[in-house]
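Coordinate inspection notes
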Amino acid sequence: MGVLLEVKDLVVRFYTQEGVVYAVNGVDYTLNEGETLGVVGESGSGKSVHLLAMMGLIPQPPGKIERGQVLFEGRDLLTMSPREIRSIRGGQIAMVFQDPMTSLNPYLRVGTQIIEAIRVHKSVSARDARRRTIELLDMVGIADAAHRVDDYPHQFSGGMRQRVMIAMALSCDPKLLIADEPTTALDVTIQAQIVDLVKDLKNELGMAMIWVTHDLGVVAGLTDTINVMYSGLIVERGPIEKVFGDPANAYTLGLLSSLPRVDQRAGEQRIEQIDGSPPDMRIEPKADPFAPRNPYATERCFQEVPPLHPVDDQNRDHTTRAWYDLRKARSASTDA
């Protein structure tokens, strides 16, 4: 598999009346063709902002991309003209947002909106675009698609509207699908249906995918690789089984420890929490931003921002941003 997307030292700031917000502070990663990447972290960690920035969707001002490269098939999205990025966005890279009601135009029929997306990126007739729209709605599980194509967004449930958004995203056969917390506003049953749907469509179409979420359970069963983000930085990255099976960063460990366990009864387990408060994003990180909340932090953690480095020589694809060795620190804590 070749490299489809390469993000290099992406830095994004927001210049507000209350000061500069250091939203993204140097993000680096690659995504291969057909790979599924999960991006997790608490609110304000830079998950969505770095993706919106690379798609040209952050308002400028107050937002500003200070530096970095986003290479899609070798072409830098950040240096493209507005016309060039529009030809990529929606065509080769598609995005599904978390609230379908605010993403769909309430005054237009859903079919009209999908047809427009198809005809912007492909030279097809209105009749062929409508036929393709019905096929897509049927593909994503909209019953009686030939009639529902002329309905308005308010005539669909939340789960059905999200299916419409997925159909629109897939309408031009993208090479990369970005799903930005697409199940947040849905109930648990519908969430599971949407996740299964996207997984099946991804395998069927062979596209790469970036899935942004707070739900660690979703990424465990959906993704190949995971980026754990905190304070606008990737603090741990690697294959999902390595990161979840043997976390190398205290923040990742905190997230995993906060999950309830299905092998214990509710009254028999104590849900852990990460002590302290999230960082103030108006303060530029000059040290490990998680240090004040990290029981394993060393003196150096409060002095320098650690680089993202391999966990060990046997795990070059599993990287962490830490001055400490979490395995040794946990072992010493247990022995004590």
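Reading guide: rules and limits
- Residues numbered from 1 in each chain as written.
- Predicted model: local features only at pLDDT ≥ 70, side-chain atom pairs only at ≥ 80, totals over all residues.
- Heavy atoms only, no water.
- Helix = DSSP H or I, 4+ residues; strand = E, 2+ residues; numbered from the N terminus.
- Contact = heavy atoms within 4.5 Å.
- Core = buried A, V, L, I, M, F, W, Y, C linked by side-chain atoms within 4.5 Å.
- Buried < 20%, exposed > 50% of the residue type's maximum accessible area, 1.4 Å probe, protein only.
- Phe/Tyr/Trp six-rings, centres within 6.5 Å; stacked < 30°, edge-to-face > 60°.
- Salt bridge = Lys/Arg side-chain N within 4 Å of Asp/Glu carboxyl O.

1. Quick notes on the side chain of threonine 225
- The topology assignment puts threonine 225 in strand β9 (residues 225–230).
- Not counting residues within four places of it along the chain, the set of residues in contact with threonine 225 comprises Glu35, Thr36, Leu37, Gly38, Arg237, Gly238, Pro239 and Ile240.

2. A look at the nonpolar core
- Core analysis: the biggest nonpolar cluster contains 35 residues, and Ile114, Leu137, Val164, Ile166, Leu177 and Trp211 have the highest contact counts within it.
- Counting only elements with at least two residues in this core, the list comes to β6 (93–96), α4 (110–121), α5 (126–139), α7 (158–170), β7 (176–180), α8 (188–205), β8 (208–212) and α9 (216–222).
- In terms of residue count, α7 provides more of this core than any other element does, 7 residues in total.
- For valine 164, the contacting residues outside a window of four places in its chain are Leu104, Val110, Ile114, Leu137, Ile142 and Phe156.
- One finds Leu31, Leu37, Ile85 and Ile178 within the second-largest nonpolar core, a separate group that totals 33 residues.

3. A few points about the packing of aromatic side chains
- Overall, the coordinates contain 3 aromatic pairs when judged by the stated rule.
- Judged by centre distance (5.2 Å) and plane angle (85°), the rings of tyrosine 230 and phenylalanine 290 are edge-to-face. Of this pair, tyrosine 230 sits in strand β9 while phenylalanine 290 sits in the loop between α11 (250–257) and β11 (308–310); the two residues are 60 residues apart in sequence, bridging distant segments of the chain. There is no split in this pair, since tyrosine 230 and phenylalanine 290 are both buried.
- Here the aromatic rings of tyrosine 251 and phenylalanine 290 are separated by 5.3 Å at their centres, their planes lie at 65°, and the arrangement is edge-to-face. On the criterion of sequence distance, the pair formed by tyrosine 251 in helix α11 and phenylalanine 290 in the loop between α11 and β11 is long-range, its members being 39 residues apart.

4. Description of the pattern of salt bridges
- Applying the stated criterion to the full structure yields 19 salt bridges.
- Across the pair arginine 293 and glutamate 42 runs a salt bridge whose closest N-O atoms are separated by 3.4 Å. Remark: glutamate 42 occurs in the loop between β3 (36–40) and α1 (47–54) and arginine 293 occurs in the loop between α11 and β11; sequence separation between them is 251 residues. Taken individually, arginine 293 and glutamate 42 each receive the classification buried, so the pair is uniform in this respect.
- When the shortest N-O distance is used, the salt bridge between aspartate 317 and lysine 242 registers 2.9 Å. With a gap of 75 residues between them, aspartate 317 in the loop between β11 and β12 (319–321) and lysine 242 in helix α10 (residues 240–245) connect regions that are remote in the sequence.
- Lysine 242 sits in the partly exposed class, given a relative accessible area of 25%.
- If you follow the salt bridges from partner to partner, you end up with Lys122, Arg132, Glu135 and Asp173 in one network.

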